[in-house]
Amino acid sequence: MRIGLNFTLGDTYDMVKRLLAEGHIDYCEFLIDNFFCVDPAEIAGAFDCPVGFHVMYSRFLESDEATLVEFAKRLRDYIDAADPIYVSDHILRFSHDGRQFFHLGEIDYFAEYDFVRDRALRWQELVGQKIHFENYPSIMDGGLEAPRFFERLIDDTGAGVLFDASNAICSHRNCGTPLESWRRVIGSAEHFHVAGYRQSLIEPYIALDTHAEALAADTLSFLRDYRSVFDKSGATITYERDDEIEFDAIVEDLKEIRKIFAEPMEGHRNELVLSAHES
């Protein structure tokens, strides 16, 4: 398992370089649409390591054709220059009936499947490659349907899933989505995210995907218990930290992740065999 860090703003450039130099991370993930103002060649040469691209604001479910075509054209310039190990995006809503959400909105996994499938096919066609779509940290009961939704999307579009382990923990805590229900999705995924979360300040209390805290004990247990399903040739896991960015704290979390995936696999082999037979 290769371990990486997200790079969202230029302020953390020196810290990411230090993490690479000291061997704490193996690659860097760019929130690439935050860097569309930077020359693609400069992006490609920013770090002496492989890179992944994470897209946040394509709004491919809501943007009109002309906007998407232009976004894809700009994105391809960076793909051509940096040859990322993956390109990922999000299945979510930014607005409803013309009104912008304060927080990003989750889709209706029952009612919107056909629409999302068609848009995912078109978005991959425009970008010119497989896109790995991230699962949402569900709040409402509809999140129970998310695992099956992503299984269908993989089968029908050839897309990948960028499986966010801590988002699955949030969904489990908020609406009871069983972690086991993600097994097939995790088994097919090659690229992963993990981050800290916290409880909301007011009732009803929900788990919020904040990227601002240390990894929670249940997130680490999830990675440990399903390690044999996560870990595979070419797999990556990106540690996300967007707030409360402190070098030593980040290193401690990175060490915890590396410790999990460096442990011998002997104890997990039977589970992997059973999983393969079940899928």
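This structure is a prediction, so every number in the text was calculated from the model and none was measured.

Let us now look at the overall build of the protein. Secondary structure summary: the protein contains 11 helices and 12 strands in total. Considering only C-alpha atoms, the protein reaches an extent of 50 × 45 × 45 Å along its principal axes. When each of the 279 residues of the protein is scored for burial, the buried share is 52%. Considering only contacts within the protein whose residues lie at least 6 apart along the sequence, 76% involve residues at least 24 apart. Accessible surface, the protein: about 13,100 Å² in total, of which carbon and sulfur atoms supply 50%. With 27 positive and 52 negative side-chain charges, the protein shows a separation of 3 Å between the mean positions of the two kinds.

To continue, consider the sheet that holds strand β1 (residues 2-7). One key point about sheets: their strands pair by backbone hydrogen bonds, in either a parallel or an antiparallel sense. Here 8 strands make up a closed barrel; going around it, the order is β1-β2-β3-β4-β7-β8-β9-β12 and the pairing parallel. If you compare each strand with its neighbour and ignore which way they point, the axes differ by 30° on average.

Now for helix α10 (residues 247-262). Over its 16 residues, α10 extends 22 Å from the first C-alpha to the last, a length consistent with the 22 Å expected when each residue adds 1.5 Å. Inspection of α10 places Phe-247, Ile-250, Val-251, Asp-253, Leu-254, Ile-257, Ile-260 and Phe-261 among the buried residues, and these make up the whole buried set. Check the buried side of α10 and you find it contacts β1, α1 (13-21), β9 (191-195), α8 (217-225), α9 (227-230) and β12 (236-240).

So, on to the nonpolar core. If you look at soluble globular proteins, the nonpolar side chains tend to sit buried side by side. With 84 residues, the main nonpolar core has Phe-30, Trp-123 and Phe-163 as its most contacted residues. Once residues within four sequence positions are removed from consideration, Trp-123 is found in contact with Ser-58, Phe-60, Leu-68, Phe-71, Ala-72, Leu-75, Asp-89, Ile-131 and Phe-133.

So, about the pairing of strand β3 (residues 51-54). Residue alternation in β3 divides its side chains into two sets, Val-51 and Phe-53 and Gly-52 and His-54, and both sets are buried. The sheet contact formed by strand β2 (residues 27-31) and β3 spans 4 bridges and is parallel. Bridging across to β3, Cys-28 finds its partner in Val-51. Bridge count for β3 against strand β4 (residues 87-90) is 2 bridges, and the pairing is parallel. Its bridge partner being in β4, His-54 is matched across the sheet by Ser-88. The handedness of the β3 to β4 crossover, carried by helix α3 (residues 65-82), is right-handed.

With that out of the way, let us pick up the packing of helix α4 (residues 113-127) against helix α5 (residues 146-157). Relative orientation of the contacting elements α4 and α5 amounts to 45°, with a least axis distance of 10 Å. Taken together, the axes of α4 and α5 are oblique relative to one another. Judged by the sense of rotation from one axis to the other, the crossing of α4 with α5 is right-handed. Of the residues in α5, those in contact with Tyr-113, Val-116, Arg-117, Ala-120, Leu-121 and Gln-124 of α4 are Phe-149, Arg-152, Leu-153, Asp-156 and Thr-157.

As a further point, take unusual backbone geometry. For the bond running from Glu-203 to Pro-204, omega is -5°, close enough to zero to count as cis. Among the structural elements, Pro-204 can be located in the loop between β10 (198-199) and β11 (207-208). Its identity is not glycine, yet Arg-59 carries a phi of approximately 50°, on the positive side. Residue classification places Arg-59 among the partly exposed residues on the basis of a relative accessible area of 28%.

Another point: the pairing of β1. In the case of a regular strand, side chains alternate between the two sheet surfaces. Counting buried residues in β1 gives 5 out of 6 residues, a clear majority hidden from the surface. As judged from the 4 bridges shared by β1 and β12, these two strands associate in the parallel manner. Each bridged residue has a counterpart across the sheet, and for Ile-3 the counterpart in β12 is Ile-237. The sheet contact formed by β1 and β2 spans 4 bridges and is parallel.

The geometry of two aromatic rings is summed up by the distance between their centres and the angle between their planes. Tallied over the full model, the rule gives 24 aromatic pairs. A ring pair is formed by Phe-7 and Tyr-13, whose centres lie 6.3 Å apart and whose planes are at 55°; its orientation type is tilted. Taking the relative accessible area as the measure of exposure, Tyr-13 reaches 29% and is therefore partly exposed. Here Phe-30 and Phe-35 contribute two aromatic rings whose centre-to-centre distance is 5.5 Å and whose plane-to-plane angle is 80°, an arrangement assigned as edge-to-face. Pair check on accessibility: Phe-30 and Phe-35 agree, each one buried. Aromatic ring contacts, followed pair by pair, group Tyr-109, Tyr-113, Phe-149, Phe-150, Phe-163, Trp-182, Phe-192, Phe-222, Tyr-226 and Phe-230 into a single cluster.

Once that is clear, we can look at the state of the cysteines. One pass over the structure, following the stated rule, counts 0 disulfides. Distance from the sulfur of Cys-37, which forms no disulfide, to the nearest cysteine sulfur (Cys-28) is 16 Å.

Cut-off values and rules
- Each chain carries its own residue numbering, running from 1 in the written order of its sequence.
- Given that this is a predicted model, residues contribute local features only at a pLDDT of at least 70 and side-chain atom pairs are listed and counted only at 80 or more, while totals for whole chains, interfaces and linings are drawn from all residues.
- The side-chain quantities take in all heavy atoms of the structure and omit both hydrogens and water.
- Elements are defined by DSSP. Helices are runs of H or I of four residues or more, strands are runs of E of two residues or more, and each kind is numbered from the N terminus.
- Accessibility here uses a 1.4 Å probe with only protein chains present; expressed as a share of the type maximum, an area under 20% marks a residue as buried, one over 50% as exposed, and anything in between as partly exposed.
- Whether two residues are in contact is decided by their heavy atoms, any of which lying within 4.5 Å being enough.
- For the accessible areas, the method is Shrake-Rupley and the probe is 1.4 Å, while residue cover comes only from the protein chains on display.
- His residues and chain termini do not enter the charge count, which takes Lys and Arg as positive and Asp and Glu as negative.
- To locate a charge, take NZ of a lysine, CZ of an arginine, CG of an aspartate or CD of a glutamate.
- Only when DSSP finds a minimum of two bridges between them are two strands counted as paired.
- Whenever a helix is involved, its axis is fitted only over the stretch in contact; in every case the axis is a line through C-alpha atoms, and angles between N-to-C directions fall within 0 to 180 degrees.
- Expected helix span is computed as 1.5 Å times (number of residues minus one).
- By nonpolar core we mean a set of buried residues, namely Ala, Val, Leu, Ile, Met, Phe, Trp, Tyr and Cys, connected to one another through side-chain atoms within 4.5 Å.
- A clockwise path from the first strand over the helix to the second, with the strands pointing away from the viewer, defines a right-handed crossover.
- Angle categories: roughly parallel below 35 degrees, roughly antiparallel above 145, roughly perpendicular from 65 to 115, and oblique for all the rest.
- Here a crossing is called left-handed whenever its near helix is offset anticlockwise from the far helix by less than a right angle, and right-handed whenever the offset is clockwise.
- Two rings belonging to Phe, Tyr or Trp (six-membered ring only in the last case) form a pair when the distance between their centres is within 6.5 Å. Interplanar angles under 30 degrees mark stacking, angles over 60 mark edge-to-face geometry, and anything in between is tilted.
- Any two cysteine sulfur atoms within 2.5 Å of one another count as a disulfide.

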